[in-house]
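# Topology and contacts: notes
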Amino acid sequence: MTDRLLIERIEARILDIPTIRPHKLAFGAISRQSPVIVQLWLRNGATGFGEAATIGGPSWNEESPESIHHAITAHLAPALLGQDGAHFGAALARMDLACRGNAFAKSAVEMAVIDAVARSLHLPAWQLLGGKRHASLPLAWTLASGDVSRDLEEAQLRLEQKRHRIFKIKIGARTPEQDVAHVARIARGLAGRATLTVDVNQAWDGSTARRHLPALIDAGVTLIEQPVARWNVEALKTLTAELGGRASLMADESVCTPQDAMSLARVQAAQVFSLKVAKHGGLLRTRDVAAVAEAADIAWYGGTMLETSIGSAASAHVFSTLGPLHHGCELFGPQLLVDDLVTERMAIRDFELQLPDGPGFGLTVELAQLNRFDRARSGLKAV
Ligand code: MUC
Ligand code: MG
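Residues numbered from 1 in each chain as written. Chains lettered and ligands numbered in written order. Predicted model: local features only at pLDDT ≥ 70, side-chain atom pairs only at ≥ 80, totals over all residues. Heavy atoms only, no water.

Turning our attention to the sheet that holds strand 6 (residues 136-138). One open sheet holds the three strands; their spatial order is 6-16-15, and the pairing between them is antiparallel. Bordering the open sheet on either side are strand 6 and strand 15 (348-349), each of which pairs with just one other strand. Across two bridges, the pairing between strand 15 and strand 16 (residues 352-354) is antiparallel. What sits directly across from Ile348, in strand 16, is Leu353. (Pairing = 2+ DSSP bridges. Helix = DSSP H or I, 4+ residues; strand = E, 2+ residues; numbered from the N terminus.)

Here is the structure:
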């Protein structure tokens, strides 16, 4: 064992960062993000950073910033202290032994390990994850102000800036008829200039989805994300079979573990998997889920949990290593936040996110910004 890559110290803190506008989803509206930031030190003095962000506390899934922070400080960090950071798979196995589930918490720690080791080796993280296959990816923006005029204004600006021409519209909070009318107005306003996706965030039952998705497709939507509950694989399968020729069905909340991926792939319940490093439990397991997708002729999409530049860059590193069958990515989280934690964000050019290089995730984290948004210092309470 090389002493120099031994894991010596792991710290985690919860930040509270306001969003630039309320972000409205099927299950509620958020006006701040509370990412958990992990900093890890190796014996050689190298440090690495990781992040796990949730949306709306424990509303998107079971984990919350507070549970993530607790899992890391009480269980995951103690399991890794003194271990060789370079043994990524063994570190994951130790975390699994110490703590069942808690994928978000594990992902933040694994990110910090990989960042620190890659920095020690003066390599970009993507080089430790299989090698780079994409230099850039089309970058979506989410329209979720809840107001058609504001959504259209946002989209126009981003088109003019050549930042985004794929727009994901969050629906499911209002009646399906209102949602269809909202999406149709946006589609008319952007006709011929943009690609439209909807994310229902599990809000509909199978028959509501069967009844209303065709109208969304008629309006111009080409990608439909998680219209039904995560457990409702039967409905996903039926929708994919019935509508899959006209628009692509994408699983998000339904596909977390590689085993979920296998179950969906076996019955062809989706044509696209939204990959998110947090829900898969890290960068390595994101690759495992992507491998199942590729083997089943299912495309991937580079999803976000609205992370700062730390989690977004880590995601970008692993997405840059994946295969050619994809629908781009949505790593726009940093742009939705009032400020960031790094000196320089990943660049966006010609509607594409420029995928970063190293060392590590290629970021310079500003400690003053971590302190500025640190919940423990501001006295703010959980959402
Ligand atoms: C989700 O379910 O995809 C991603 C982008 C966004 O606006 O919300 C998220 C969560
Ligand atoms: Mg989603």
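The next point concerns the domain arrangement of the protein. Here the protein is partitioned into domain 1 (3-122 + 365-376) and domain 2 (128-354). Around 3,700 Å² of area is buried between domain 1 and domain 2 when both sides are counted, 67% of it from carbon and sulfur atoms. Across the pair Asp339 and Arg372 runs a salt bridge whose closest N-O atoms are separated by 2.6 Å. Here domain 1 is connected to domain 2 by 18 residue pairs in polar contact (both at pLDDT 80 or more). Counting residues per element, the ones that place at least two in the side of domain 1 that touches domain 2 are strand 2 (17-25), strand 3 (28-33), strand 5 (47-52), helix 2 (88-98), helix 3 (103-120) and helix 14 (367-373). Of the residues belonging to the side of domain 1 that touches domain 2, the class tally is 27 nonpolar, eight polar and nine charged. (Domains from an automatic or database assignment. Buried area = accessible area lost by both parts, 1.4 Å probe. Salt bridge = Lys/Arg side-chain N within 4 Å of Asp/Glu carboxyl O. Polar contact = N/O pair within 3.5 Å; in protein donor to acceptor, adjacent residues only side chain to side chain. Nonpolar A, V, L, I, M, F, W, Y, C, P; charged D, E, K, R; others polar.)

Turning to its location among the elements, Gly302 is positioned in strand 13 (residues 299-302). Here Gly302 falls in the buried class, since its relative accessible area comes to 0%. Between the C-alpha atoms of Gly302 and His326, which are 24 residues apart in sequence, the distance is 8.2 Å. Among residues more than four places away in sequence, those in contact with Gly302 are Leu275, Phe319, Gly328, Cys329, Glu330 and Leu331. (Buried < 20%, exposed > 50% of the residue type's maximum accessible area, 1.4 Å probe, protein only. Contact = heavy atoms within 4.5 Å.)

Under the definition given, this model contains two aromatic pairs. The cationic tip of Arg9 hangs over the ring face of Trp41; the distance from NZ or CZ to the ring centre is 3.8 Å. A cation over an aromatic ring shows up here: Arg158 above the ring of Trp141, its NZ or CZ 3.8 Å from the ring centre. (Phe/Tyr/Trp six-rings, centres within 6.5 Å; stacked < 30°, edge-to-face > 60°. Lys NZ or Arg CZ within 6 Å of the ring centre and 35° of its normal.)

Turning our eyes to something else, we now look at the coordination of the magnesium ion (ligand 2). Listed as protein donors to the magnesium ion (ligand 2) are Asp199 (OD), Glu225 (OE) and Asp252 (OD); their distances from the metal cover 2.0 to 2.2 Å. Counting the intervening residues between successive donors of the magnesium ion (ligand 2) yields the motif D-x25-E-x26-D. Highlighted residues: Glu225 in strand 10 (residues 221-225) and Asp252 in the loop between strand 11 (248-251) and helix 9 (258-266), separated in sequence by 27 residues. Pair check on accessibility: Glu225 and Asp252 agree, each one buried. (Donors = N, O, S within 2.8 Å, 3.2 Å for Na, K, Ca; no water.)

A word on the side chain of Asp252. Taking the relative accessible area as the measure of exposure, Asp252 reaches 0% and is therefore buried. Among all residues touching Asp252, those that are not within four sequence positions of it are Trp60, Asp199, Glu225, Gln226, Ser274, Lys276 and Lys279.

What follows concerns the site of ligand 1. Among the 15 residues in the neighbourhood of ligand 1, the closest are listed as His23, Trp60, Lys168, Asn201 and Lys276. Within the side chain of Thr142, one N or O atom sits 3.2 Å away from an oxygen atom of ligand 1. Residue Asp199 places a side-chain N or O atom 3.1 Å away from an oxygen atom belonging to ligand 1. Here ligand 1, which alone exposes 280 Å², has 100% of that area covered by the protein. For the shell around ligand 1, the per-class residue count stands at four nonpolar, four polar and seven charged. (Near = heavy atom within 4 Å. Areas by Shrake-Rupley, 256 points an atom, 1.4 Å probe, with all protein chains shown as cover.)

Take the sheet that holds strand 10 next. Read across the sheet, eight strands follow the order 7-8-9-10-11-12-13-14 without closing on themselves; strand pairing throughout is parallel. Looking at strand neighbours, the two that pair on one side only are strand 7 (140-143) and strand 14 (326-329), the edges of this open sheet. Pairwise comparison of adjacent strand axes, ignoring direction, gives a mean angle of 25 degrees for this sheet. The pairing of strand 13 with strand 14 spans two bridges and is classified as parallel. The residue bridging Trp300 from the neighbouring strand is His326, located in strand 14. (Axes fitted to C-alpha atoms, helices over the stretch in contact; angles between N-to-C directions.)

Among all positions in helix 9, only Pro258, Ala261, Leu264 and Ala265 are buried. All buried residues of helix 9 lie within an arc of 120 degrees about the axis, which places them on one face of the element. For helix 9, exposure combined with an orientation more than 90 degrees from the buried face picks out Gln259 and Arg266. Along its buried surface, helix 9 packs onto helix 8 (233-243), strand 11, strand 12 (272-275) and helix 11 (283-295). (Arc of directions from axis to C-beta.)

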